[in-house]
Amino acid sequence: MSDKVKLMIVDDSSIIRKLIRKYLDEYNMEIVGEASDGKSAVELFKEKRPDIVTMDIVMPEMDGLSVIEEILKIDPEVKIIAVTALSDKSTGIQAIKLGAKSFVTKPFSPDKLQAAFAKLISN
Amino acid sequence: MKETDLHFFIDSTLNYFDEVTEDKAVTGIPYIKSDDPVVLDYTGIIGISGKRKGSIYITASADMLKQMGKVILHTDDLSDDDIKDLIGEIANTISGNVRTAYGSDFMISVPVVVEGHARDISMPEDMQSFVIPITWNNFQSFLVVCLE
């Protein structure tokens, strides 16, 4: 059995998905799936059961806040990092209230994302 | 639209280039958009609803976006889809970041991307649109803001 952390990346931007992959490449993790909209994120989550999910908020089909609610019903233990351009405090608070463990605002530096990720895997 | 509104967008734009490319962008003096088109190779458009209504778009050359992609991802291997995605993401991030000033009632749509030199990008006719010229790495692009 692999002891690698299983990561799923959810973002409607392929550039952001590539960037997250690149920034987190140095960690002992396996990217088990990527989704570009909310509905397919929920389906992919059921299939792949990742340990950590990076979750965009503004997405087509189903927004990230609704996806957070859905996937936490499936697995209350999953750790979610909300990654979004919506920089107002209330969006961050809402994501955390729904169960996200961390909130990273776009545009993000490698340090910002790595710090959020490192904190989750150390827990 | 007030002058302070433009400042929010200018700050958000400058922060984007600074954070993502680590290379500062410079904005020129904003002006009211005339009937002359302001469209370059790729354009990312965001609809605004909620407390404020309107639209914003950013338009840039293919060369600028390729250079940005190269700086961000450290690769020359960028597809046309990557470039379209990048201009949409820039529009999304700049407009999402102004929620620091406007709050969560400032609702943004997912980006719509237009490729090629369209005749012009339609903005609400009953409102003035402001053009903010942006220079990054000697490339010129434009942010157009139209808010109620």
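Cut-offs applied
- Residues numbered from 1 in each chain as written.
- Chains lettered and ligands numbered in written order.
- Predicted model: local features only at pLDDT ≥ 70, side-chain atom pairs only at ≥ 80, totals over all residues.
- Contact = placed C-beta atoms within 7 Å.
- Helix = DSSP H or I, 4+ residues; strand = E, 2+ residues; numbered from the N terminus.
- Nonpolar A, V, L, I, M, F, W, Y, C, P; charged D, E, K, R; others polar.
- Buried ≥ 20, exposed ≤ 12 C-beta atoms within 10 Å, placed from the backbone.

### Overview of the interface of chain A and chain B
At the interface, 21 residues of chain A touch 21 residues of chain B. For the side of chain A that touches chain B, the elements supplying multiple residues, two or more each, are α1 (14-23) and α4 (89-98) of chain A. Sort the elements by how many residues they give to the side of chain A that touches chain B and α1 of chain A lands first, with six residues. Looking at the side of chain A that touches chain B residue by residue, the classes come out as nine nonpolar, seven polar and five charged.

### Concerning unusual backbone geometry
Most peptide bonds adopt trans geometry, and most residues besides glycine take a negative phi value. With an omega of -5 degrees, the peptide bond running from Lys106 of chain A to Pro107 of chain A counts as cis. If you trace the backbone, Pro107 of chain A turns up in the loop between β5 (102-105) and α5 (110-122). Its identity is not glycine, yet Glu61 of chain A carries a phi of approximately 75 degrees, on the positive side. If you trace the backbone, Glu61 of chain A turns up in the loop between β3 (52-55) and α3 (64-74). Given 16 C-beta atoms within a 10 Å radius, Glu61 of chain A is considered partly exposed. In this model, Asn137 of chain B sits at a positive phi of 55 degrees, which is unusual for a non-glycine residue. Here Asn137 of chain B shows up in the loop between β7 (130-136) and β8 (139-147).

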